[in-house]
Amino acid sequence: MAAENGTPEIVRTWEWFTEEPLPWYHVRPFRLQLEEQPTVLVGEIMFIALSVLAIVHAAIHGRQHMLMLVSCVLSGTVNDIFFMVMPFVDNFWHAQCTFMLTPRMPLYIPCVYIVFQYAGMAASWRLRLPLVAQSAAAALLSALLYSAYDIVGAKFLWWTWHDTDAATFNRWNGVPFGSTAWTLVHVFVFSLITHRLALTERTVSFMNGIVTLVITAVVTTPIMMMTMGVFQLPQTRGHIGADGMPVITVIPGKPDALMLALIIVTFVILAARGLLTFKGGNAPYDAWLKVVPEWDKSLYQGVVGHFVVMTAIMALGDPTTIVSTGIHQDYGDCNIQERDLCGYERNAYLCKESFDEDFTFDCPAAVGQTLPPTPTSWYTICGRAHTEYGLYVGTSSIICLVGIVLYGYALNRKSTGHAKAE
């Protein structure tokens with residue numbers, strides 16, 4: 001098959017990872033991880049520790065918090081797997097970490113979903129806002145945590161992105177606009193669904209909990225994708241044809257700065273309107289939400305630790321020492337095209353002669369390898385030196401400070417609830 005420009009085109013089938021044997025470890029040697037990927041090792045330890053803190057915090061605060069936490073990890077992991085296995089998406093690849101569940105799924109990734117979603121949701125509950133305002137606040141708070149992680153991960157090769165995929169093509173500080181937009185919309189949708197299913201009554205029954213887990217896991221990602229599509233409608237371009245009918249020449253599907261700005265402004269307005277106009281008395285929250293201040297303080301300290309660690313890695317880490325051997329975009333002929341979810345063309349393969357990513361093949365660990373490799377998805381790349389160090393550290397620091405202030409406001413404010421959590 002040939003693309004419109006005459007270059008070869010392929011159609012992929014369902015695949016998660018190659019059927020060829022891969023030299024991966026369920027438990028990677030600690031020495032090797034420390035030598036090649038020291039920053040991601042720090043991240044693994046931090047996210048696992050923060051997940052334990054979140055689990056304790058949820059257990060102390062009752063069924064609603066625990067249900068929300070389990071829903072976070074389940075729906076988030078399903079979302080990650082969905083975007084890995086669908087051949088028309090499949091646009092990111094995690095680095096090999098100390099603990100791997102599969103060749104493409106590190107153990108710490110489910111912990112990431114716990115940390116950024118649970119902390120953002122729990123903090124937003126303390127604001128006792130109407131549902132839509134609360135969901136917008138949860139999205140903004142969660143996105144702050146995730147953005148700090150997203151900038152570091154992209155720079156220090158905690159994962160790699162597809163080089164020409166439309167969804168990851170436009171970026172800020174190495175982070176696709178679509179990644180940040182996904183964080184915001186995913187949490188917003190997840191919050192709405194979870195609240196409607198399980199948080200309107202004083203107690204949560206076992207069956208209600210099971211239904212909530214299943215529905216949030218199944219429908220959060222599709223609704224998120226449809227919602228993001230709405231914010232991408234301004235990308236549509238067309239004209240009136242000779243027959244007087246509209247002809248669409250550009251369809252949505254390439255996340256950009258305008259789309260992300262629309263999402264942020266919308267959510268800020270929704271959250272601010274709730275904060276400024278709502279006077280309290282939210283019956284569903286008052287029925288079951290009882291804050292335990294000392295544990296909210298502990299959660300806040302964990303959040304602060306996350307921001308500080310991410311900023312410290314960006315400021316003090318040396319990306320040129322990073323060696324990432326593992327699964328990346330398939331290596332091969334750069335002239336072969338395929339189509340993504342929205343019909344945009346992208347290169348099916350990466351080649352060292354033509355790519356625009358923040359890594360290199362020109363390092364001692366990578367220069368001796370055979371390219372194309374066997375299997376084609378498993379090869380070595382290395383990090384590149386900072387070219388905009390001040391911008392990256394400055395952005396990380398701003399996100400850190402804003403996050404510390406907003407989480408401090410939400411988690412350290414005096415509670416007005418009196419009902420005991422069930």
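Described below are features of the structure shown in this document. Note that the structure is predicted; figures quoted are calculated from it, not measured. (Residues numbered from 1 in each chain as written. Predicted model: local features only at pLDDT ≥ 70, side-chain atom pairs only at ≥ 80, totals over all residues. Heavy atoms only, no water.)

The number of helices and strands found in the protein chain is 13 helices and 13 strands. Counting only residues that meet the buried cut, the protein chain has 55% of its 422 residues in that class. In the protein chain, 76% of the contacts between residues at least 6 apart in sequence involve partners at least 24 apart. For the protein chain, the accessible area works out to roughly 17900 Å², and carbon and sulfur atoms hold 67% of it. (Helix = DSSP H or I, 4+ residues; strand = E, 2+ residues; numbered from the N terminus. Buried < 20%, exposed > 50% of the residue type's maximum accessible area, 1.4 Å probe, protein only. Contact = heavy atoms within 4.5 Å. Areas by Shrake-Rupley, 256 points an atom, 1.4 Å probe, with all protein chains shown as cover.)

On to the layout of surface pockets, then. Of the voids in this model, the largest pocket is the one considered here, and its volume is about 720 Å³. Lining of the largest pocket is provided by 35 residues; of these, Phe83, Asn91, Ala167, Gly178 and Trp182 occupy positions nearest its centre. Partitioned by chemical class, the residues of the lining of the largest pocket number 22 nonpolar, nine polar and four charged. Each pocket or cavity is described by its volume, and for the second largest pocket that value is around 450 Å³. Lining the second largest pocket are 23 residues, with Arg171, Gly174, Asp356, Glu357 and Asp358 positioned closest to its centre. Contributing elements (two or more residues each) for the lining of the second largest pocket: α5 (131–155), β4 (159–161), α6 (166–169) and α13 (389–411). For the lining of the second largest pocket, the per-class residue count stands at nine nonpolar, six polar and eight charged. (1 Å grid on protein atoms, 1.4 Å probe; cavity = no way out; pocket = protein on both sides within 12 Å on 5 of 7 lines; lining within 4 Å. Points joined across faces, edges and corners; volume = space filled by probe spheres on them. Nonpolar A, V, L, I, M, F, W, Y, C, P; charged D, E, K, R; others polar.)

One pass over the structure, following the stated rule, counts nine salt bridges. Linked by salt bridges that have partners in common, Asp165, Glu338 and Arg346 make up one network. (Salt bridge = Lys/Arg side-chain N within 4 Å of Asp/Glu carboxyl O.)

Here helix α11 (residues 293–316) is 24 residues long and its end C-alpha atoms lie 34 Å apart, about the 34 Å a rise of 1.5 Å per residue gives. Considered for burial, the residues of α11 that qualify are Asp296, Leu299, Tyr300, Gly302, Val303, His306, Phe307, Met310, Thr311, Ile313 and Met314. The inward-facing, buried residues of α11 abut α2 (38–61), α4 (108–125), α5 and α13. (Expected span 1.5 Å × (residues − 1).)

A few words on unusual backbone geometry. Residue Pro372 follows Leu371 across a cis peptide bond; omega there is 0°. As for its position among the elements, Pro372 is in the loop between α12 (364–367) and β13 (378–383). Residues Thr374 and Pro375 are joined by a peptide bond in cis, for which omega reads -5°.

The pairing of strands in a sheet comes from backbone hydrogen bonds and takes either a parallel or an antiparallel form. Read across the open sheet, the three strands follow the order β9-β13-β12; overall the sheet is antiparallel. Taken across any chain shown, the strands that pair with only one partner, and hence form the sheet edges, are β9 (323–327) and β12 (359–360). Across two bridges, β12 lies against β13 in antiparallel orientation. When the sheet's bridge partners are listed, Thr360 is paired in β13 with Cys382. (Pairing = 2+ DSSP bridges.)

To continue, consider the packing of helix α3 (residues 63–85) against α4. Two elements in contact, α3 and α4, have axes whose closest approach is 8 Å; the angle formed by their N-to-C orientations is 135°. Considering their axes alone, α3 and α4 lie oblique with respect to each other. The handedness of the crossing between α3 and α4 is right-handed. On α4, the residues touching Gln64, His65, Met68, Leu69, Cys72, Val73, Gly76, Thr77, Asn79 and Asp80 of α3 are Ile109, Pro110, Tyr113, Ile114, Gln117, Tyr118, Met121, Ala122 and Trp125. (Axes fitted to C-alpha atoms, helices over the stretch in contact; angles between N-to-C directions. Parallel < 35°, antiparallel > 145°, perpendicular 65-115°, else oblique. Left-handed = near helix turned anticlockwise from the far one by under 90°.)

On to empty space enclosed by the protein. On inspection of all chains with the given rule, the structure shows two cavities of 30 Å³ or more. Estimates place the volume of the largest cavity at around 60 Å³. In this structure, the largest cavity is lined by Leu50, Leu53, Ala54, Val115, Ala119, Leu299, Gly302 and Val303. Along the lines of polarity and charge, the residues of the lining of the largest cavity split into seven nonpolar, one polar and no charged.

Considering all chains together, one arrives at two disulfides under this definition. The partner cysteine of Cys334 in its disulfide is Cys351, sulfur to sulfur 1.7 Å. Disulfide Cys334 to Cys351: torsion about the S-S bond roughly -125°, handedness left-handed. Of this pair, Cys334 sits in the loop between β9 and β10 (337–339) while Cys351 sits in the loop between β11 (345–347) and β12, placing them 17 residues apart in sequence. Cys351 shares its class with Cys334; the two are buried. (Disulfide = S-S within 2.5 Å.)

A separate point is the pairing of β13. Across the six residues of β13, six count as buried, placing the element largely inside the fold. Pairing of β9 with β13 involves five bridges; the strand directions are antiparallel. Following the sheet pairing, Val323 is matched in β13 by Cys382.

Within the element layout of this structure, Gln232 appears in the loop between α8 (206–231) and β7 (237–240). Looking at Gln232, its side chain comes within polar contact range of the main-chain nitrogen of Lys254, at 3.3 Å. Excluding residues within four positions of it along the chain, Gln232 makes contact with Pro252, Gly253, Lys254, Pro255 and Met259. (Polar contact = N/O pair within 3.5 Å; in protein donor to acceptor, adjacent residues only side chain to side chain.)

Considering the arrangement of structural elements, one finds Val189 in helix α7 (residues 177–198). When the C-alpha positions of Val189 and Met224 are compared, they lie 6.3 Å apart, and in sequence the two are 35 residues distant. Ignoring any residue separated from it by four or fewer positions in sequence, one finds Val189 in contact with Thr220, Ile223, Met224 and Thr227.

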